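Observations on the model geometry
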Amino acid sequence: MKIALGADHGGFQLKEEIKKLLQSMNMEVVDVGCDCEQSVDYPDYALPVADKVAGGECDRGILICGTGIGMSIAANKIKGIRCALVHDLFSAKATREHNDSNVLAMGARVIGPGVAQEIVKIWLETEFTGGRHSQRLDKIADIEAKEHV
Ligand code: RB5
């Protein structure tokens, strides 16, 4: 699996931890930055990750900022992205089964590296259930396709 990975300064350290985990899982990682703890703007990293997933270059994306909130808001602006903000193991599994989320957002100031690593493992290993959940995703795609005031 090919994973696009991005973070702002608040998520940089955790991104490095997650990169090591992904590599140990034999995942191919495309790291879009950032490269240090100097202050940056999270949309500048959410966009390339979301684009790579929406465009098919990567299978999934992982975004990390201080809270995960800014990253998830930004990523969900891109057509075809279903970004889930996750800080617990139950949601990591449920969002794959029910939402077929293709981007995972986490907050490095909310959870520690141990929980984050377990979330990533479960999120990558859980399959979409399909069935009744597919029609709900179709409705989200319909919303996305229409213009709203
Ligand atoms: C940066 O200070 C912080 O606002 C950012 O990492 C994130 O938490 C935004 O949602």
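Residue numbers here run from 1 along each chain, matching the order of that chain's written sequence. In keeping with the model being predicted, local features are shown solely for residues with a pLDDT of at least 70 and side-chain atom pairs are shown and tallied solely at 80 or more, while totals for entire chains, interfaces and linings include all residues. Heavy atoms from the whole structure form the basis of all side-chain values; hydrogens and water molecules are not counted.

Okay, the overall build of the protein chain next. The way it works is that DSSP assigns letters per residue, a run of H or I at least four long becomes a helix, a run of E at least two long becomes a strand, and they are numbered from the N terminus. From N to C terminus, the protein chain includes six helices and five strands. Its helices and strands in sequence order give the protein chain the pattern β-α-β-α-β-α-β-α-β-α-α, from N to C terminus. Dimensions of the protein chain along its principal axes, counting C-alpha atoms only, are 40 × 35 × 25 Å. Per-residue accessibility, obtained with a 1.4 Å probe over protein chains only, is compared with the maximum for each type, and a residue is labelled buried under 20%, exposed over 50%, and partly exposed between these values. Of all 149 residues assigned to the protein chain, the portion counted as buried reaches 43%. Considering only contacts in the protein chain between residues 6 or more positions apart, those separated by 24 or more positions represent 68%. Here a residue-residue contact requires only that any non-hydrogen atoms of the pair lie within 4.5 Å.

Let's shift gears to unusual backbone geometry. Looking along the chain, the bond that leaves glycine 33 and enters cysteine 34 is cis, with omega of 10°. Structurally, cysteine 34 is set in the loop between strand 2 (28–31) and helix 2 (43–54). Despite not being glycine, asparagine 26 shows a phi value in the positive range, around 60°. Relative to the helices and strands, asparagine 26 is located in the loop between helix 1 (12–24) and strand 2. Given a relative accessible area of 70%, asparagine 26 falls into the exposed group. In the Ramachandran plot, aspartate 100 falls in the positive-phi region, its phi being about 50° despite a non-glycine side chain. Within the secondary structure, aspartate 100 is located in the loop between helix 4 (89–99) and strand 5 (103–107).

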